[in-house]
Amino acid sequence: MTHRAAIVSALVVLALLVGGRWALGRGPVETLLVETGPGMPAAPSTSAPPGTPSPSPSTSPGGGTPSPKAPKPPAAGGSIETRRLTGSKKIALTFDDGPHPTWTPKVLDMLRKVGVKATFCLVGTEVHQYPALVQRIVREGHTLCNHTWHHELDLGTKPEAEIRANLDATNREIRRAVPGAKITFFRHPGGMWTAAAIKVARELGMTPLGWDVDPLDWKKPSAEAIRTRVINQARPGSIVLLHDGGGDRAATLAACPSLVGELKRKYGIVLLR
Ligand SMILES: [Zn+2]
């Protein structure tokens, strides 16, 4: 019994250590989280890979992991650390895969109405087509994030020079729309982070931006499902992943006013910088 008690105590201590790490926003792995974008094939791991933190009950791999917060071994080649918490109690909103000619203006209108600012993770090809929307995003005080040139899910597996060229091209396109624009973050498509992608992003002055709450809105659940998932998954400091681009975002947009109102009341909302 004492032997067993010792093992249990060790596990408790380990869990506390792990919990502390996550509380500091230093979640070691983003690799297994999945998010897809404009017309992109789903990542091979879309159907909830083993060990995914699986924030949504609907994507649970079926009890494979006893603790959803258990750390995963980093991908080969170095440390994979992304920012996934705000660092305070307040919650941050992020919108990916735009700018989109239909949905981005509506999301911007909604944010203005509720008095909240967010981070927009932009795809280079969309920036190229809709530079005026990037100008509006910046004019209205939101934060910018590089989301690769064409939402390449496998970019992180390419040689560093190719990753750098892709991120550079995306930044150049953003700054062609808004000269001198500050691009604070980089978010890898699908959360398919690699050490190389993180290294290049940092070298280009961008912080790798993960997330803590993912309602899988790109799979087009109902607005109510999006709202419920976000509210249920949110905790102090969560960074919430939503989409303004990549397809019909009517449900995301419909979910936002009440969802944002509730997060604002419970935690407050902060703009990442
Ligand atoms: Zn994306």
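Reading guide: rules and limits
- Residues numbered from 1 in each chain as written.
- Predicted model: local features only at pLDDT ≥ 70, side-chain atom pairs only at ≥ 80, totals over all residues.
- Axes fitted to C-alpha atoms, helices over the stretch in contact; angles between N-to-C directions.
- Helix = DSSP H or I, 4+ residues; strand = E, 2+ residues; numbered from the N terminus.
- Parallel < 35°, antiparallel > 145°, perpendicular 65-115°, else oblique.
- Left-handed = near helix turned anticlockwise from the far one by under 90°.
- Contact = placed C-beta atoms within 7 Å.
- Nonpolar A, V, L, I, M, F, W, Y, C, P; charged D, E, K, R; others polar.
- Buried ≥ 20, exposed ≤ 12 C-beta atoms within 10 Å, placed from the backbone.
- Pairing = 2+ DSSP bridges.
- Right-handed = clockwise from strand over helix to strand, strands pointing away.
- Core = buried A, V, L, I, M, F, W, Y, C linked by C-beta atoms within 7 Å.

(A) Summary view of the packing of helix α2 (residues 103-114) against helix α8 (residues 250-266). At their nearest, the axes of α2 and α8 sit 10 Å apart, and the two run at 20° to each other. The angle between the axes of α2 and α8 places the two elements in the roughly parallel class. In the crossing of α2 with α8, the sense of the turn from one axis to the other is right-handed. Counting all contacts with α2, which are made through W103, K106, V107, M110 and V114, the residues of α8 involved are L253, C256, P257, V260 and G261. Residue composition of the contact of α2 with α8, grouped by class: eight nonpolar, one polar and one charged.

(B) Examining the pairing of strand β2 (residues 119-122) more closely. On β2, burial covers both faces: T119 and C121 on one face and F120 and L122 on the other are all buried. Pairing geometry for strand β1 (residues 92-98) and β2, over four bridges, is parallel. Residue pairing in the sheet places D96 in a bridge with C121 of β2. On the question of chirality, the crossover connecting β1 to the parallel β2 by way of α2 is right-handed. Alignment of β2 against strand β3 (residues 143-146), held across four bridges, turns out to be parallel. Bridging from a neighbouring strand, C121 pairs with C145 of β3.

(C) Layout of the nonpolar core. In this structure, L93, F120, L122, C145, A197 and V240 are the most contacted members of the largest nonpolar core, which totals 57 residues. With six residues, the single largest contributor to this core is α8. A197 has contacts with L155, G156, I163 and H188, leaving out every residue within four places of it along the chain.

(D) The pairing of strand β6 (residues 239-243), seen in detail. Counting buried residues along β6, five of its five residues qualify, which places the element largely inside the surrounding structure. Residue alternation in β6 divides its side chains into two sets, I239, L241 and H243 and V240 and L242, and both sets are buried. Pairing between β1 and β6: five bridges, direction parallel. Residue A92 lies in a different strand from β6, and its bridge partner there is I239.

(E) Main features of the sheet that holds strand β5 (residues 207-208). With parallel pairing, six strands are arranged side by side in an open sheet as β5-β4-β3-β2-β1-β6. Sheet topology places β5 and β6 at the edges, where each strand pairs with a single neighbour. Sheet analysis places strand β4 (residues 183-186) next to β5, joined by two bridges and oriented parallel. Counted as the bridge partner of F186 is P208 from β5.

(F) Structural view of the packing of helix α4 (residues 131-139) against helix α5 (residues 160-177). Closest axis-to-axis distance for the α4/α5 pair is 8 Å, and the angle between their directions is 75°. In terms of orientation, α4 and α5 fall into the roughly perpendicular class. Here P131, V134 and Q135 of α4 come into contact with α5, specifically with I174, R176 and A177. For the contact of α4 with α5, the residue count by class is four nonpolar, one polar and one charged.

(G) The arrangement of the environment of E140 in detail. Within the secondary structure, E140 is located in the loop between α4 and β3. On the basis of neighbour counts, which here come to 13 C-beta atoms within 10 Å, the residue E140 falls in the partly exposed class. Other than its neighbours up to four places away in sequence, E140 contacts L108 and R112.

(H) Local environment of the environment of A251. Tracing the backbone through its elements, the reader meets A251 in helix α8. A251 gets classed as partly exposed once you count the C-beta atoms within 10 Å, which come to 19. Remark: the alpha-carbon pair of A251 and P221, spanning 30 residues in sequence, is separated by 7.3 Å.

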